[in-house]
Amino acid sequence: MIPVAFEYVRAESVDHALEQLSEHGDEAKLLAGGHSLLPMMKLRLAVPSVLVDVGRLNDLSYIRHEGDTVKIGALTTHHLVETSELLAEYCPLIKGVAAEVGDPQVRHRGTLGGTLAHADPASDLPAAVLALGGTMVVAGPKGRRRIAATDFFTGYYESALAPDEMIVEIELPATPGGKWSFKKFNRRAQDWAIVAVAAVHNGTTGVGLVNMGATPLRATAVEEAIAAGANAKDAAAQAAQGTSPTEDLNATVEYRAHLARVLTERALTDLQI
Amino acid sequence: MQVKMTVNGQDVSGEAEPRTLLVYFIREQLGLTGTNVGCDTSSCGACTVHLDGQSVKSCTVLAVQAEGCQITTIEGMAQGGEMHPMQRAFHENHGLQCGYCTPGMVMAATSLLEENPNPTEEEVRLGLEGNLCRCTGYHNIVKSVLAAAEGASE
């Protein structure tokens, strides 16, 4: 399968990429690792007329620890995240989740900024960023702004990013020594999660749900139950509350709700709640 | 547009539309047909090559994205008429049946050992998660990779 023809521009800088986005508007898409976008283009689910390749912007590939925050450049690959010693110490959830994305070849190419901008509710890392209470740093024609993960995902493959903006950095609260868990349920190797749960405890508990609605979701009812002193079983019983999963070949709505409760209980048990 | 890269140590260039996938550039422009196209949807791993030393699925990389990069395909593994130790391990352990997935398996496995020279059996299985064998000959493939790792550490 070959994508529909498009114009290709290799961005020399963030500003150059933003200029291209301003010029071409909705017709342009940013290309990072391409492991979500190119398959969609082959299937004609995405038909951009201009691809702006940001893959060479190496200065957006980094992992830093500054005070209470871990900062990850948008073009940092999943492979760099999963093998980072710094993240093992300061943000082990994101490292652990990155290690479960796709397969090694996909992780060599896929980027953290790319997977967040793609906003697929079945992707693992967006739910982890939600559970952590992360923030996207976004560059646009008027400068930079910060978007909290809770405000970022707005619909199926939709985010708060404007067509002329790009994610440049992801900020995550450092959770040194914090407990974490990621429970992903699928039937075949390398598949997307039918449902997955990311949980982290560092003073408060954050729980993110994969594939339980049109966007990655924060399990607020579970988090509130834990804050009120509930045990893992009672808190996890709330896991499907406020969710709107769809039915597909893999699972019915009821089965997804069941998986969310079971996986959440297992994750909270890992956190010793 | 004109695309230049280094493939198996040789500088190459060719005309490619932006939408040309790296695997088709390698097979059709360069005539290196050892890299197979399997599923064409980044699932099966038959098209795995090394891009700047890391395994990638060349059906999900544009040729223009590889501009200026170092590419290694299965044809670049043997040196001076001698099989690469991973190829030899597959040969000695009967790590292939029909052979279609084998180039991708060898490329994925060498990248795996580069990152983890002494993997456990489970780590080999997880490390080859992105490569499917329709003959389901995984047992001997895993055995081959473990043998190659052991050979390299001797």
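For the structure, check the block above.
Structure report, in brief. (Residues numbered from 1 in each chain as written. Chains lettered and ligands numbered in written order. Predicted model: local features only at pLDDT ≥ 70, side-chain atom pairs only at ≥ 80, totals over all residues. Heavy atoms only, no water.)

A word on the overall build of chain A. Along chain A, the regular secondary structure elements total 12 helices and 14 strands. The C-alpha radius of gyration of chain A comes to 18 Å, within 12% of the 19 Å expected for a compact globule of 273 residues. Taken along the three principal axes of its C-alpha coordinates, chain A extends 55 × 45 × 30 Å. Counting every position in chain A, which comprises 273 residues, the buried fraction comes to 57%. When contacts within chain A are restricted to residue pairs at least 6 apart in sequence, those whose partners lie at least 24 apart make up 61%. (Helix = DSSP H or I, 4+ residues; strand = E, 2+ residues; numbered from the N terminus. Rg over C-alpha atoms; globule rule 2.2 N^0.38 Å. Buried < 20%, exposed > 50% of the residue type's maximum accessible area, 1.4 Å probe, protein only. Contact = heavy atoms within 4.5 Å.)

Residue and element names in this part refer to chain B. Every buried residue belonging to helix H1 (residues 22-29) is among Leu-22, Val-23, Tyr-24, Phe-25 and Ile-26, and all of these are buried. Tucked into the core, H1 has its buried residues touching strand S1 (2-7), strand S2 (10-15), strand S3 (48-51) and strand S5 (70-72). Directly beyond the C-terminal end of H1, a positive phi value near 70° is found at Gly-31.

Turning our attention to the packing of helix H2 (residues 85-92) of chain B against helix H3 (residues 102-115) of chain B. If you want to describe how two helices pack, look at the angle between their axes and the distance between the axes. Residues and elements named next belong to chain B. For the pair H2 and H3, interaxial distance at closest approach is 10 Å and the crossing angle is 125°. By the criterion of interaxial angle, the relationship of H2 to H3 is oblique. H3 is crossed by H2, and the crossing has right-handed handedness. Across from Met-86, Gln-87 and Phe-90 in H2, the residues of H3 making contact are Thr-102, Met-105, Val-106, Ala-109, Thr-110 and Leu-113. Across the contact of H2 with H3, the residue classes tally to six nonpolar, three polar and no charged. (Axes fitted to C-alpha atoms, helices over the stretch in contact; angles between N-to-C directions. Parallel < 35°, antiparallel > 145°, perpendicular 65-115°, else oblique. Left-handed = near helix turned anticlockwise from the far one by under 90°. Nonpolar A, V, L, I, M, F, W, Y, C, P; charged D, E, K, R; others polar.)

Moving on: the pairing of strand S5 (residues 69-73) of chain A. Residue and element names in this part refer to chain A. Across the five residues of S5, four count as buried, placing the element largely inside the fold. By the bridge criterion, five bridges tie S5 to strand S10 (residues 166-173) in an arrangement that is antiparallel. Bridging across to S10, Val-70 finds its partner in Leu-172. (Pairing = 2+ DSSP bridges.)

Below, the discussion takes up the environment of His-78 of chain A. All names here are of chain A. Residue placement: His-78 occurs in helix H3 (residues 78-82). Judged by relative accessible area, His-78 falls into the buried class, the value being 3%. For the pair formed by His-78 and Gly-55, sequence separation is 23 residues and the distance between their alpha carbons is 14 Å. With residues up to four places along the chain from it excluded, the contact list for His-78 reads Ala-98, Val-101, Arg-107, Gly-110, Thr-111, Leu-112, Thr-115 and Leu-125.

All names here are of chain A. On the surface, a nonpolar cluster with roughly 300 Å² of combined accessible area is contributed by Met-1, Leu-43 and Leu-45. Following the sequence through the fold, Met-1 ends up in the segment before strand S1 (7-10). Residue class for Met-1 comes out partly exposed when judged on its relative accessible area of 36%. (Patch = residues over 30% accessible without salt bridge, like charges linked within 9 Å, V, L, I, M, F, W, Y side chains within 5 Å. Areas by Shrake-Rupley, 256 points an atom, 1.4 Å probe, with all protein chains shown as cover. Salt bridge = Lys/Arg side-chain N within 4 Å of Asp/Glu carboxyl O.)

A few words on the nonpolar core. Judged by nonpolar contacts, the single largest core of 38 residues is most densely connected at Ile-94, Met-136 and Ile-167 of chain A. Of all the elements in the fold, those that place two or more residues in this core are S5, helix H5 (92-98), helix H7 (112-118), helix H8 (124-132), strand S6 (135-140), helix H9 (149-152), S10 and strand S12 (195-202) of chain A. With seven residues, the top contributor of residues to this core is H8 of chain A. In terms of nonpolar packing, the next biggest core, distinct from the first, is built from 33 residues, Val-23, Ile-26, Val-49 and Cys-59 of chain B among them. (Core = buried A, V, L, I, M, F, W, Y, C linked by side-chain atoms within 4.5 Å.)

At the interface, 34 residues of chain B touch 28 residues of chain A. Surface buried jointly by chain B and chain A totals about 2500 Å² across both partners, of which 54% is contributed by carbon and sulfur atoms. Interface area lost by chain B to chain A is led by Arg-19, Gln-65 and Glu-129 of chain B, which between them contribute 26%. Counting the contacts that link chain B with chain A gives two salt bridges. Linking chain B to chain A there are 15 residue pairs in polar contact (both at pLDDT 80 or more). (Buried area = accessible area lost by both parts, 1.4 Å probe. Polar contact = N/O pair within 3.5 Å; in protein donor to acceptor, adjacent residues only side chain to side chain.)

Now for a negative patch on the surface. All names here are of chain A. A cluster of like negative charges, contributed by Glu-7, Asp-15, Glu-19 and Glu-23, occupies part of the molecular surface. Ranked by residues supplied to the negative patch, first place goes to helix H1 (residues 14-24) with three residues. With respect to the secondary-structure elements, Glu-23 resides in helix H1. (Lys, Arg positive; Asp, Glu negative; His and termini not counted. Charge placed at Lys NZ, Arg CZ, Asp CG, Glu CD.)

Bringing the sheet that holds S6 of chain A into the picture now. Residue and element names in this part refer to chain A. The strand order S4-S5-S10-S6-S7 describes an open sheet built from five strands, whose pairing is antiparallel. On the outer flanks of this sheet lie strand S4 (63-66) and strand S7 (143-148), each paired with one strand and no other. The mean inter-strand angle of the sheet, taken between neighbouring strand axes irrespective of direction, is 25°.

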